[in-house]
Amino acid sequence: MDKPDQNQPRRIRVTHHVTIMQRGKKRTWQADFHVNGRHCLQTLKTSNRRIAEQKARDIENLLQSETFATITKIGFSETIKRFIEKKKGSCTASTIGKYQHDLDTFHAFVQKKGIRHIRHITFRVFESYLDEIDNQGLAPYSRYCIGMNILAWLRWAKRQKFIEVNPLDGFEMVKPSRPEHPAATMDQIDAILARTSGLELAVIATAAFSGLRVGEIQALRMQDVNLDSKFITVTSQAEWSPKTAAGQRRVPIHSRLLAILIAYSASRSPNPEQTVFFTAPPSTRYEAGSRALERSWANTVLKRIATSLNFTVGREKLGLTFHALRRSFKSFALDAGVPGELVDNWVGHASGINRHYYRPNDKESLGWISKVPLGESTDEEICRAKGAIDES
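Residues numbered from 1 in each chain as written. Predicted model: local features only at pLDDT ≥ 70, side-chain atom pairs only at ≥ 80, totals over all residues. Heavy atoms only, no water.

1. Some points on helix H9 (residues 255-266)
Across its 12 residues, H9 extends 17 Å between first and last C-alpha, which sits within 8% of the 16 Å expected from 1.5 Å per residue. Of all the residues in H9, the buried ones are Arg256, Leu257, Leu258, Ile260, Leu261, Ala263 and Tyr264. For H9, the elements touching its buried residues are helix H6 (186-193), helix H7 (198-210), strand S5 (225-226) and helix H14 (379-385). (Helix = DSSP H or I, 4+ residues; strand = E, 2+ residues; numbered from the N terminus. Expected span 1.5 Å × (residues − 1). Buried < 20%, exposed > 50% of the residue type's maximum accessible area, 1.4 Å probe, protein only. Contact = heavy atoms within 4.5 Å.)

Below you can see the structure in the form of structure tokens.
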């Protein structure tokens, strides 16, 4: 008769379905059991036999209550795919793209480490991934957001019973303080607008004098910009929605912006194919010029003009970006004494007041926007707003 292998760990049957054994240099106890015909090994994270036996009995109770039996075993990639599908019902395309990129990148990282299953992710592996992000030169807040996206995915997978145990349960991300990014001054905005015409002038003025996000400007339809009532409406569409629920709103149009948009609209030839308000310049492929602007176009234009004026540009240098115009608008409005909850409503920020109940009337909004010192459009500026649309 063969002698038992002395190198094999000694197994101790604790319950009908669960045995335990010690593994590794630290002699950590591990539970051995089967679920739906599938062999499972689960670390009990202790070298104490009494504690290990109690944890084994806890596993037996779960098996008897069929908690384990409800687990739907799917792969790493499939879990990511289903998480993204779930997010499509509540997040914008840019947010979904960020989740997809962060999770795919993390998946590729752990694969290089030889990890094929979610349950094999450890705190140390996750920390090494965060260290790699640091080595890429990303800002601390970007590192934090990437880490939180991965943790959110794992928590969701556990709730959906796609994984038995969240391997990063209890991992804490420390939220770093964010650097203060500058807002453009009124002098800087005037200088930038003075070097623009047509589409560039209209788009930059809309950001600076209404506080809309670049994606919101890109998505504006013809019916969303009502020059008669002097309001811009930001609302969900079939294939686009604002960044947050608070993003759906009506924004009053300042007199300076109104003059620019009227002149810009009058300069364009009627186009029955045009559905968006701001269209990209005509090109060889799109001769009618009816397609929507690219998200990167506005920031590229602003940086080019700001650089020519010797302004510091770029997030990494804490300089001007297209988003800085949004911060400028909010600062100008608050400095003019506009109530904070009304400014938050204009720019689509959540505030202390429940937005489901707070709805400023149009007369109130138009009255307050007229008090914000954004200057008045000159004949020369209006003439440039009518200029050639193709600035490329």
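2. A closer look at the nonpolar core
Ranked by size, the top nonpolar core spans 57 residues in total, and within it Ile189, Val203, Ile204, Phe209, Phe278, Phe322 and Leu325 carry the most contacts. Secondary-structure elements contributing two or more residues to this core are H6, H7, strand S6 (231-234), H9, helix H10 (295-308), helix H11 (322-335) and helix H12 (340-347). Apart from residues no more than four positions distant in its own chain, valine 203 is found in contact with Ile217, Phe278, Leu293, Trp297, Ala298 and Phe322. Within the second largest apolar cluster, 34 residues are counted, among which are Val110, Phe126, Ile150 and Ala157. (Core = buried A, V, L, I, M, F, W, Y, C linked by side-chain atoms within 4.5 Å.)

3. A closer look at the sheet that holds S5
In space, the 3 strands of this open sheet follow the order S5-S6-S7, with antiparallel pairing throughout. Taken across any chain shown, the strands that pair with only one partner, and hence form the sheet edges, are S5 and strand S7 (249-252). Of the strand pairs in this sheet, S6 and S7 are connected by 4 bridges, and their pairing is antiparallel. The residue of S7 that forms the bridge with isoleucine 232 is valine 251. (Pairing = 2+ DSSP bridges.)

4. Observations concerning the packing of aromatic side chains
Evaluation of the coordinates by the stated rule reveals 14 aromatic pairs. On the basis of an interplanar angle of 70 degrees and a centroid distance of 5.1 Å, the ring pair of phenylalanine 106 and tyrosine 129 is categorised as edge-to-face. Of this pair, phenylalanine 106 sits in helix H3 (residues 93-112) while tyrosine 129 sits in helix H4 (residues 123-135), and the two are 23 residues apart along the sequence. Exposure remark for phenylalanine 106: the relative accessible area of 0% places this residue in the buried category. You can call tyrosine 129 buried: its relative accessible area is 4%. A centroid spacing of 5.0 Å and a plane angle of 55 degrees characterise the contact between phenylalanine 109 and tyrosine 129, whose relative ring orientation is tilted. Within this pair, whereas phenylalanine 109 is found in helix H3, its partner tyrosine 129 is found in helix H4, the two being separated by 20 residues in sequence. The buried category is assigned to phenylalanine 109, whose relative accessible area is 8%. Between the NZ or CZ atom of arginine 250 and the centre of the ring of phenylalanine 231, over which it lies, the distance is 4.3 Å. (Phe/Tyr/Trp six-rings, centres within 6.5 Å; stacked < 30°, edge-to-face > 60°. Lys NZ or Arg CZ within 6 Å of the ring centre and 35° of its normal.)

5. Observations concerning unusual backbone geometry
Despite not being glycine, lysine 45 shows a phi value in the positive range, around 55 degrees. Structurally, lysine 45 is set in the loop between strand S4 (38-43) and helix H1 (49-64). Judged by its relative accessible area of 69%, lysine 45 is exposed. For lysine 230, which is not glycine, the phi dihedral falls at a positive 65 degrees. In this fold, lysine 230 is placed in the loop between S5 and S6.

6. Things to note about the confidence of the model for the protein chain
This prediction gives the protein chain a mean pLDDT of 85; 86% of its residues lie at or above 70. Per-element averaging of pLDDT across the protein chain places S4 at the bottom with 84 and H6 at the top with 96. The low-confidence segment residues 388-392, where pLDDT is below 50, has 13 contacts with residues more than four positions distant or belonging to other chains. (pLDDT = per-residue confidence, 0-100.)

7. Focus on the pattern of salt bridges
Under the counting rule described, the total for this entry stands at 15 salt bridges. Measuring nitrogen to oxygen at the nearest pair gives 2.7 Å for the salt bridge that ties arginine 304 to glutamate 200. Remark: glutamate 200 occurs in helix H7 and arginine 304 occurs in helix H10; sequence separation between them is 104 residues. Arginine 304 sits in the partly exposed class, given a relative accessible area of 45%. On the basis of relative accessibility, which here comes to 6%, the residue glutamate 200 falls in the buried class. Through salt bridges with shared partners, one network takes in Asp190, Arg256 and Glu381. (Salt bridge = Lys/Arg side-chain N within 4 Å of Asp/Glu carboxyl O.)

8. Concerning the environment of methionine 173
By secondary structure assignment, the location of methionine 173 is in the loop between helix H5 (140-159) and H6. Sequence separation between methionine 173 and tyrosine 144 is 29 residues, and the spatial gap between their C-alpha atoms is 6.7 Å.

9. Focus: the side chain of glutamine 188
Within the secondary structure layout, glutamine 188 lies in helix H6. With relative accessibility at 19%, the residue glutamine 188 sits in the buried group. Every residue in contact with glutamine 188, bar those within four places of it in the chain, is listed here: Ala183, Phe311 and Leu320.

10. Concerning the packing of H4 against H5
At a minimum axis distance of 10 Å, the contact between H4 and H5 shows a crossing angle of 150 degrees. For the element pair H4 / H5, the angle class is roughly antiparallel. Note that H4 runs across H5; the crossing there is right-handed. Here Phe126, Tyr129, Leu130, Asp131, Ile133 and Asp134 of H4 lie close against H5, whose contacting residues are Arg143, Ile146, Gly147, Ile150 and Leu151. Taken together, the residues that form the contact of H4 with H5 break down as 7 nonpolar, 1 polar and 3 charged. (Axes fitted to C-alpha atoms, helices over the stretch in contact; angles between N-to-C directions. Parallel < 35°, antiparallel > 145°, perpendicular 65-115°, else oblique. Left-handed = near helix turned anticlockwise from the far one by under 90°. Nonpolar A, V, L, I, M, F, W, Y, C, P; charged D, E, K, R; others polar.)

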